[in-house]
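Residues per chain, in single letters:
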Amino acid sequence: RHAVCVTPLFSTQVLSEAQHEAGYCSFYEECGRNPLINGSLITPIVPCYDHSRARRLTGNHYKRLKEVCPMLDRGENNTYACCSVQQLQSLETSLTLSKAVLVRCPSCSENFAHLHCINTCSPDQSQVVNVTKVMNVTYLGRTREAVVGYQSYLTASFGEGAFNSCKNVKIPATGGYAIATMCGRYGASLCTAQRWYDFQGDSSNGLAPLDLDFKLIKEGESSEPIPDGVIPYNGKALGCNETTTSGGQACSCQDCVESCPSVPNPPPPDAPFTIQGADGVLVICIIIFCVLMLFFVIYLVVSYCKNGKKKEKGEGKLKDQKSDVTERIIRPEEVTCIDRNSLAAQDFLSLLFRRWGTSVSLFQVLLASAVVVAALAAGLISLELTTDPVELWSAPNSRAREEKNFHDTHFGPFYRTNQLILTAPGRKGHIYDSLLFGPQNFSGIISKELIIELLELQQRIQSISFFSKDLNRTATLADVCYAPLNPINSTLTDCAVNSLPQYFQNNLDNINAKVEMTELGVTKEVDWRDHLIYCLGSPLSFKDITDLGLSCMADYGAPVFPFLAVGGYNNEDYTDAEALIMTFSLNNYARDNPKFKVALQWETEYLKVVQDYQKNPKANFTFAYMAERSLEDEINRTTAEDIPIFMISYAVIFVYIVVALGEYSSCSRILVDSKFLVGLGGILVVGCSVLSSMGFYSWVGIPSSLVILQVVPFLVLAVGADNIFILVLEYQRDVRRPGEKREEQIGRVLGSVAPSMLLCSLSESVCFFLGALSTMPAVRSFALYAALAVLMDFILQMTAFVALLSLDARRQDNNRCELVCCVKVSKERPRKPNEGLLLPLMRKYYAPFLLHTFTRIIVMVVFIFMFCASIFLMLNVKVGLDQELAMPQGSYMLEYFKYLNKYFEVGVPVYFVTKKGYNFSTVAGMNGICSSVGCDQFSMTQKIQYAANYPDRSYVGIPSNSWVDDFVDWLNPASRCCRIYSFGSFLCLTKCMATPPDGVLRPDEAEFKRFLPDFLGNRPDLQSSRFMAYHTPLINSQEYTAALKMSRELAYNITMISERRSARLHPSRVTNVFYEQYLTIVSEGLFNISMCLLPTFVVCCLLLGLDLRSGLLNLLTIIMITVDTVGVMTLWSIDYNAVALINLVTAVGISVEFVSHITRSFALSTKPTHVERAKEATANMGSAVFAGVAMTNLPGILVLAFAKAQLIQIFFFRLNLVITLLGMAHGLIFLPVLLSYFGSCSFSIVPVQQRA
């Protein structure tokens, strides 16, 4: 053994004799290992103290200097240096390890080498360095003075220039800065040039072989005296945007701001449309209102003047002097061909239905109806109910579905997420004075006690086991977990679990570890907090910089990025976080895969464990949680819980129909005149029509959904009840003529009202069939089911219900009690029409009041104002459906969404996927993707980086990593190895490739195909690739939709500038299939509603004998109802989405019921004036519509207010209430007034001809 002797006195004496002059060295050659350093990454070899002249280099010595320090080369035989070949070898080894993280930027790498070459090899070394500490070192039996500490004097311009060239160099794999690993406690954000040099010169950093004190001297000032003869080195530090002396290219934009091309700022968001500083849409709506009112006033004035002149000429004698100016008798010469066609069409339809009603064979019709319904309903045995949200709301041929299928085929489905977000409110934090990182604030939740408790909960979840029938054995997390590094034979430690304990490899001993450590002469204890601070800043490190020597990688071999482990922090103060995040990732199997059920079962057990822990009073956490299955489970649960609400709703409607249809002439005939069986029959007709529709589509293989089960019966009930009321009330109000049989009376009544029923039912059915042109699966299937159900409802009403009504009329004629037909009452049925209570009220009070001159003007003004205001509101309706609304009140998922929006500091990942066709093996192909030196300025990753610079516009929070950059770095000989990750260490091989002269390493096609399999883990068939970035936190559906739109624009822009435009790039995100619909739902909705409105106009015109005016007024009123509905949606915070669109399509159908009956009744009226015809239509048909549609819907809708599901409360209670009230208001208030002004005159010909 050799003794190491340190002699301070001798050291001081020697140092005082040191001279600083040009051409002299301060040290030369290697003296052995520094005995003061232990645990270094490389052997700390120190130089010998030697004040002598610099050596002239020749031969191999010169070649080695030219390789390691080319900036000192002055030509062979003219190059002097103060370093030996052995020193050059040690310097190269040290530079190689440091430059491994700087190699992406050649000028930075050269500046770094320049700095240390000057200290080690400069021919004027004694003028740059000042030796401060020497000691005797005995090595191989020889004792010499070794330098173990010195000062290096640099000008601030050189020192800061070198630092500035390196401060923005990235590490693609982490997304962080290389400088963060070279600045100790300060990281990237607080690193300065001086702190960077201080860390490099600190012998405890594992790389520096001795203590090196860098002095940055600003010109003309110095905080301490400079030794005589010392001249601070003032070489040229290359800018990161400059080429190197060896021909290396300028650094890329990602690593050097100065290299970035001049990219214009994105255009600002479109400014709101304004007119003279006011909301432009509002101004336009006000102008429209004023114009419409002006036209209306002009119309009134012109009509008044015209009518006054006719009075003077004795024309147009008014029946009622108080009637309006538009009350005009139509003369025969004014009757057109269209008027005669209308009369002929009505006569034909009435005759057709009268003959059908008279000839109906009761029992045969009932039997035939039952057989047809049974045959169709039998298809229900093969009913397929779609519950998968993807299948419901995303069309199979939509872009998002195609992109999802491509991603799932080539990369596997997005993994299943099971997550907890934990907080500890009320716990006090503390400030920890770290030896390495200085004072750090630790929040209350970042405590050792809670980390251990979190680890215990994590281990409890990881240990879940259960018997699986699908696997026929006990299953564990390992059977279904996402294991990225060992997907075949996974164990529990291979499962991807992201949590804060993973920074300690889920090892309690690592959390409890402590060690004494000395830093800059200060000795202090370091513990879990120091390790955690380091790992939160450097999550990819295999070894921290503390003497604990622990890895930061998770136990499954991958990094845990801090934003996936903690939440609720500001900037990057991770230790001040308010929440801990724990995520279990499972493989997402196809639904027909047996392991899909195993994953569902594991998630069920996971929820049980979490819910049991939540109930534990000893738990220190307050938290929210979710499983991948939670959304579907909660939707199905609330649907089941709300079924009784729907049943009660239908029961209320049934009771109302039974009571409202009854005739109550005397107490003794209540059981005779009641209509229980008729009401029940009407309900059964509705039910049978729905069952027939569902059965038919089950036969042909079109699946149903919960939306269909909830909405279609409600719609058909509204339509069916209206027709039932119209038919039954018309029969009750009619008196059998002398000698007329019961069948003939029913036929006559049917001939009177059936054309109106046909008009509405056919309009609605065609409306819904056209609505099936929608690309949304849920809307399409709803439209098909509703169309056939409405059509079947009309057919069954014309057959089975007419037969049932005839049977009930026979019973009533025989004075037999309902339900107890053998019992008769003695009191005969009155031989007068039974108008009930509503018809007289509307005829005597409501219609005259509504159609009073001043009332009509007020009504027109109010409804025109409502229409214009609703246009403005309609353009401000929110588009989307937040996930929270799909959850029932009190659901644990609502708390999870609240925590997610509050604590998560990063959004969902988005993958930019290249399809087949992109050639990665060419240099152009690699340059079009990567972001390091030599890459295209507008490469894919660079464009994504540009987008990330504007997160508020692009919604890109963290730019994508590029495996191409990692591959090039892996091949780069600057690190002297192809780097292959091995847990806790590096496995270094020989050089894969030679050093390129310009610093831009690119393998040729043969080398690419040779080395890629090793880099990718033996997966050489590169058909497509994906690059992951992260969105900013997305809160609501509007932001999700905007992020989808912007990511598609970004992908399109990248594709357009790529070398091969055939290689299409697209963004892929797990939520795209849900939010894509909102990109087109406005145009989709306009198309669907237009398709629904078209048949209401066409059918109305055709069935009224080409009565265009009636058709247009009918259409206008339905449009106003629809627009006003959307306007009220804005006021009542009802977002526009696919569910709302289904209800709006339904609104068109229900509006037809409110409008078309009254329009036809007005057109058929034989009263002499518009006002009198409007009164008659309002009283006769309006009363039936009010009783049949409004009062049927309202009780059932009000019951839905008690539903637990927010979707039902908002889109079924609120929206259907709005539709019903607006339909009633327009049908019973606005339409009669509109008809009284602008209605057709066709059927006034009858009384005129009679009088003539």
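Please refer to the structure higher up on the page.
A short tour of the structure in this document, coming up. (Residues numbered from 1 in each chain as written. Predicted model: local features only at pLDDT ≥ 70, side-chain atom pairs only at ≥ 80, totals over all residues. Heavy atoms only, no water.)

A few words on the overall build of the chain. Along the backbone of the chain there are 39 helices and 30 strands. Across the 1252 residues in the chain, those meeting the buried criterion constitute 56%. Nonlocal contacts in the chain, meaning residues at least 24 apart in sequence, comprise 74% of its contacts between residues at least 6 apart. Accessible area for the chain stands at about 53300 Å²; split by element, carbon and sulfur atoms hold 58% of it. (Helix = DSSP H or I, 4+ residues; strand = E, 2+ residues; numbered from the N terminus. Buried < 20%, exposed > 50% of the residue type's maximum accessible area, 1.4 Å probe, protein only. Contact = heavy atoms within 4.5 Å. Areas by Shrake-Rupley, 256 points an atom, 1.4 Å probe, with all protein chains shown as cover.)

We now examine the side chain of Ser468. Residue placement: Ser468 occurs in strand β16 (residues 465–468). The class of Ser468 is buried, set by a relative accessible area of 0%. Here the side chain of Ser468 touches Leu471 through a polar contact of 3.2 Å, landing on its backbone nitrogen. Residues within four places of Ser468 in sequence aside, it is in contact with Arg473, Ala475, Val598 and Gln601. (Polar contact = N/O pair within 3.5 Å; in protein donor to acceptor, adjacent residues only side chain to side chain.)

In this section: unusual backbone geometry. The backbone of Glu29 sits at a positive phi, close to 70°, despite the residue not being glycine. A residue is classified by how much of its surface remains accessible, and Glu29, at 25% relative accessible area, is partly exposed. Unlike most non-glycine residues, Gln276 shows phi in positive territory, near 55°. Following the sequence through the fold, Gln276 ends up in the loop between β10 (274–275) and β11 (278–279).

Take the nonpolar core next. Residues Val712, Leu727, Phe768, Phe782, Met1129 and Phe1211 are the most contacted members of the largest nonpolar core, which totals 160 residues. Sequence-distant contacts of Val712, defined by excluding residues within four places in its chain, comprise Val690, Val707, Phe782, Tyr785, Ala786 and Ala789. (Core = buried A, V, L, I, M, F, W, Y, C linked by side-chain atoms within 4.5 Å.)

Following both chains from N to C, one finds helix α23 (residues 777–813) and helix α36 (residues 1138–1164) inclined at 25°, their axes separated by 10 Å at the closest point. In terms of orientation, α23 lies roughly parallel with respect to α36. For the pair α23 and α36, the crossing hand works out as right-handed. Here Ala778, Val779 and Phe782 of α23 come into contact with α36, specifically with Ala1138, Leu1141, Ile1142, Val1145 and Thr1146. A class-by-class count of the residues in the contact of α23 with α36 yields seven nonpolar, one polar and no charged. (Axes fitted to C-alpha atoms, helices over the stretch in contact; angles between N-to-C directions. Parallel < 35°, antiparallel > 145°, perpendicular 65-115°, else oblique. Left-handed = near helix turned anticlockwise from the far one by under 90°. Nonpolar A, V, L, I, M, F, W, Y, C, P; charged D, E, K, R; others polar.)

Within the span of helix α2 (residues 59–68), buried status applies to His61, Tyr62, Arg64, Leu65 and Val68. Down the axis of α2, the sector holding all buried residues measures 160°, keeping them to one side. Of the exposed residues in α2, the ones pointing more than 90 degrees away from its buried face are Asn60, Lys63 and Glu67. For α2, the secondary structure elements touched by its buried residues are β1 (27–33), β4 (80–81), α3 (85–99) and α4 (106–121). (Arc of directions from axis to C-beta.)

Turning our attention to the packing of α2 against α3. Axis separation between α2 and α3 bottoms out at 10 Å; the angle between their running directions is 20°. Overall, the two elements α2 and α3 adopt an arrangement that is roughly parallel. In the crossing of α2 with α3, the sense of the turn from one axis to the other is left-handed. On α3, the residues touching Asn60, His61, Arg64, Leu65 and Val68 of α2 are Val85, Leu88, Gln89, Leu91, Glu92 and Leu95. When its residues are assigned to classes, the contact of α2 with α3 shows six nonpolar, three polar and two charged.

When strand β14 (residues 430–434) meets strand β15 (residues 438–442), the two strands line up antiparallel, connected through five bridges. Residue pairing for β15: Ser434 is matched across the bridge by Gly438. Here β14 hands over to β15 after three residues, the two strands then running antiparallel side by side. (Pairing = 2+ DSSP bridges.)

The strand order across the open sheet built from four strands is β26-β29-β25-β30, with neighbouring strands paired in antiparallel fashion. Bordering the open sheet on either side are β26 (956–958) and β30 (1065–1068), each of which pairs with just one other strand. This sheet shows a mean twist of 45° between the axes of neighbouring strands, independent of strand direction. Note that strand β25 (residues 909–914) and β30 share four bridges and pair antiparallel. When the bridges of β30 are listed, Phe912 appears paired with Pro1067. Lying over the sheet, helix α28 (residues 940–948) contacts β25, β26, β29 (1025–1031) and β30, oriented at roughly 105° with respect to β26. Sheet contacts for helix α32 (residues 1037–1057): β25, β26, β29 and β30; angle to β30, the most-contacted strand, approximately 160°.

Let us look at α23. Across its 37 residues, α23 extends 51 Å between first and last C-alpha, which sits within 8% of the 54 Å expected from 1.5 Å per residue. Extensive coverage of α23 is indicated by the burial of 30 of its 37 residues. Just downstream of α23 lies Asn815, where phi reads positive at about 60°. (Expected span 1.5 Å × (residues − 1).)

A covalent bond between the sulfur atoms of two cysteines is referred to as a disulfide. Applying the stated rule across the entire model yields 12 disulfides. One disulfide in the model links Cys253 with Cys260; its S-S distance is 1.8 Å. Because the torsion about its S-S bond is 90°, the bridge between Cys253 and Cys260 counts as right-handed. Its relative accessible area of 27% is what places Cys260 among the partly exposed residues. Across the disulfide, Cys930 is cross-linked to Cys935 (sulfur-sulfur distance 1.8 Å). Handedness here is read from the sign of the S-S torsion; for Cys930 and Cys935, about -115°, the answer is left-handed. There is no split in this pair, since Cys930 and Cys935 are both buried. Left without a disulfide partner, Cys290 is nearest to the cysteine sulfur of Cys868, which lies 8.6 Å away. (Disulfide = S-S within 2.5 Å.)

Another point: the pattern of salt bridges. Under the criterion given, the structure shown has 25 salt bridges. Notably, a salt bridge pairs Arg748 with Glu740, separated by 2.9 Å at the nearest N-O pair. Each member of the salt-bridge network shares a partner with another, and the members are Arg399, Glu403, Arg1048 and Glu1076. (Salt bridge = Lys/Arg side-chain N within 4 Å of Asp/Glu carboxyl O.)

Our focus in this paragraph is the packing of aromatic side chains. The full count for this structure, using the stated rule, is 38 aromatic pairs. On the basis of an interplanar angle of 90° and a centroid distance of 5.2 Å, the ring pair of Phe158 and Tyr233 is categorised as edge-to-face. Pair noted here: Phe158 is in helix α6 (residues 156–166) and Tyr233 is in the loop between β9 (211–217) and β10, with a separation of 75 residues, a long-range link. As far as burial versus exposure is concerned, Phe158 and Tyr233 are alike and both buried. Aromatic side chains Trp1132 and Phe1213 sit 6.5 Å apart centroid to centroid with 70° between the ring planes, which places their arrangement in the edge-to-face category. Of the two residues, Trp1132 sits in the loop between α35 (1108–1131) and α36 while Phe1213 sits in helix α38 (residues 1206–1238), which places them 81 residues apart along the sequence. For Phe1213, a relative accessible area of 15% gives the class buried. Lying across the ring of Tyr1237, Arg856 places its NZ or CZ 4.5 Å from the centre. (Phe/Tyr/Trp six-rings, centres within 6.5 Å; stacked < 30°, edge-to-face > 60°. Lys NZ or Arg CZ within 6 Å of the ring centre and 35° of its normal.)

Taken together, Glu572, Asp573, Asp576, Glu578 and Glu905 make up a surface patch of like negative charges. Relative to the helices and strands, Asp573 is located in the loop between β21 (566–567) and β22 (579–586). (Patch = residues over 30% accessible without salt bridge, like charges linked within 9 Å, V, L, I, M, F, W, Y side chains within 5 Å. Lys, Arg positive; Asp, Glu negative; His and termini not counted. Charge placed at Lys NZ, Arg CZ, Asp CG, Glu CD.)

For β29, a buried count of five out of seven residues is recorded, marking the element as mostly surrounded by other parts of the structure. Bridge analysis of β25 against β29 gives six bridges, and the strand direction is antiparallel. Residue Pro909 lies in a different strand from β29, and its bridge partner there is Tyr1030. When β26 meets β29, the two strands line up antiparallel, connected through two bridges. For Ile958, the partnering residue across the bridge sits in β29 and is Tyr1030.

A separate point is the environment of Cys117. Topologically, Cys117 is positioned in helix α4. What makes Cys117 buried here is its relative accessible area of 0%. Note: C-alpha distance between Cys117 and Met71 (46 residues apart in sequence) is 8.5 Å. Sequence-distant contacts of Cys117, defined by excluding residues within four places in its chain, comprise Val68, Cys69, Met71, Leu72, Leu91 and Ser122.

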